[in-house]
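# Coordinate inspection notes
As a plain string of letters, each chain reads:
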Amino acid sequence: APAGFRFTCYYYRGAYYKAFWADPPNCAVGEPRQTFLGERYFPLVMQNIHRYFFYAAGVVLLFLWVDAFKALKFEDGYGVGVGTLVLFANAALLSLYSLSCHSFRHLIGGNLNVFSKCPTRFMLWSKATALNEHHMLWAWVSLFGVALADLYIFLLARGVITDVRLI
Ligand code: FES
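Below, the structure is looked at part by part. Here, residues in each chain are numbered from 1, in the same order as that chain's written sequence. Selection of residues for local features in this predicted model requires a pLDDT of at least 70, selection of side-chain atom pairs for listing and counting requires 80 or more, and totals for whole chains, interfaces and linings are taken over all residues. Side-chain calculation: all heavy atoms of the structure are included, whereas hydrogens and water are not.

### Some thoughts on the packing of aromatic side chains
Condition: The criterion for an aromatic pair is that two Phe, Tyr or Trp rings (for Trp, the six-membered ring) have centres within 6.5 Å, with stacked assigned to planes under 30 degrees apart, edge-to-face to planes over 60 apart and tilted to the rest. Two limits define a charge over a ring: the Lys NZ or Arg CZ must be within 6 Å of the ring centre, and within 35 degrees of the ring normal.
On inspection of all chains with the given rule, the structure shows 19 aromatic pairs. Ring centres of Phe7 and Tyr16 lie 4.9 Å apart, and the angle between their planes is 20°; on these two criteria the pair is classed as stacked. Put simply, the rings of Phe5, Tyr52, Phe54, Tyr55, Tyr97 and Phe104 pair up and form one aromatic cluster. Positioned above the aromatic ring of Tyr97 is the side chain of Arg6, whose terminal nitrogen or guanidinium carbon lies 4.3 Å from the ring centre. The ring of Tyr10 has Arg13 lying over it, and the distance from NZ or CZ to the ring centre is 4.4 Å.

Set out below in structure tokens:
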């Protein structure tokens, strides 16, 4: 689910279309084909599955938050270690990435015709829009965040490092 969510992300699509398919070849350069099919036709229409990956990745994200809260519990009671901070930072960055998703923005306000009739949804849509403006940033920061969190947990599990207790 997380891999599908990333692969079909609007931002990553734009990046890998340009980087690996040279499509578009460059700014203000015409298409090398007679007909531009875009994402309205097979196979790229399959990218519409992104909204469903959003739901599936949301379930995974819930488990990451549960894990982060579990990391507050130590054998002698509650506390905070470096690992606790790593897990909370990872869940927070992935949440910012998910909440800035174009599909989420559409879900909470994209289908409204009159915002004044739904002030709460308008407020949420405005906040999602503000996050969405930095979607590229959240995409990269959360990607490195999840890789570093995984590495930290892997090294802990292997006994290479020991978690430092802060509180
Ligand atoms: Fe990037 Fe949805 S558009 S995660």
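Don't stop here, the text continues.
### A look at helix H3 (residues 50-70)
Applicable threshold: For the purposes of this entry, the term helix denotes a DSSP run of H or I that reaches at least four residues, the term strand denotes a run of E that reaches at least two, and both are numbered from the N terminus. A helix is expected to span 1.5 Å for every residue after the first. Three labels apply to residues, based on accessible area from a 1.4 Å probe with only protein chains included: buried if under 20% of the type maximum, exposed if over 50%, partly exposed otherwise in between. Think of the arc as the fan of directions from the helix axis to the C-beta atoms. In what follows, residue pairs with any heavy atoms lying within 4.5 Å of each other are defined as contacts.
An ideal rise of 1.5 Å per residue puts 30 Å on 21 residues; H3 measures up with 30 Å between its terminal C-alpha atoms. Here H3 has its buried residues at His50, Phe54, Ala57, Leu61 and Ala68. Take H3 and look down its axis: the buried residues cluster within an arc of 75°, on one side only. Exposed and oriented more than 90 degrees from the buried face of H3 are Tyr52, Leu62, Phe63 and Lys70. On its buried face, H3 is in contact with helix H1 (2-7), helix H2 (10-21), helix H4 (82-99) and helix H5 (102-110).

### Describing the pattern of salt bridges
Side chains carrying opposite charge are able to pair once their charged atoms draw close together. Rules: In what follows, salt bridge is the name for a side-chain nitrogen of Lys or Arg lying within 4 Å of a carboxyl oxygen of Asp or Glu.
One pass over the structure, following the stated rule, counts two salt bridges. Salt-bridge contacts for Glu39 lead to Arg13; the nearest nitrogen and oxygen are separated by 2.9 Å. Within this pair, whereas Glu39 is found in the loop between H2 and H3, its partner Arg13 is found in helix H2, the two being separated by 26 residues in sequence. The class of Arg13 is buried, set by a relative accessible area of 4%. The salt bridge partner of Arg165 is Asp76, with a shortest N-O separation of 3.2 Å. Highlighted residues: Arg165 in the segment after helix H7 (135-157) and Asp76 in the loop between strand S1 (73-74) and strand S2 (77-78), separated in sequence by 89 residues.

### Quick notes on the side chain of Thr84
Along the chain, the position of Thr84 falls in helix H4. Residue Thr84 is classed as buried on the basis of its relative accessible area, which comes to 2%. Setting aside anything within four residues of it in sequence, one finds Thr84 in contact with Ala68, Ala71, Leu72, Phe74 and Gly79.

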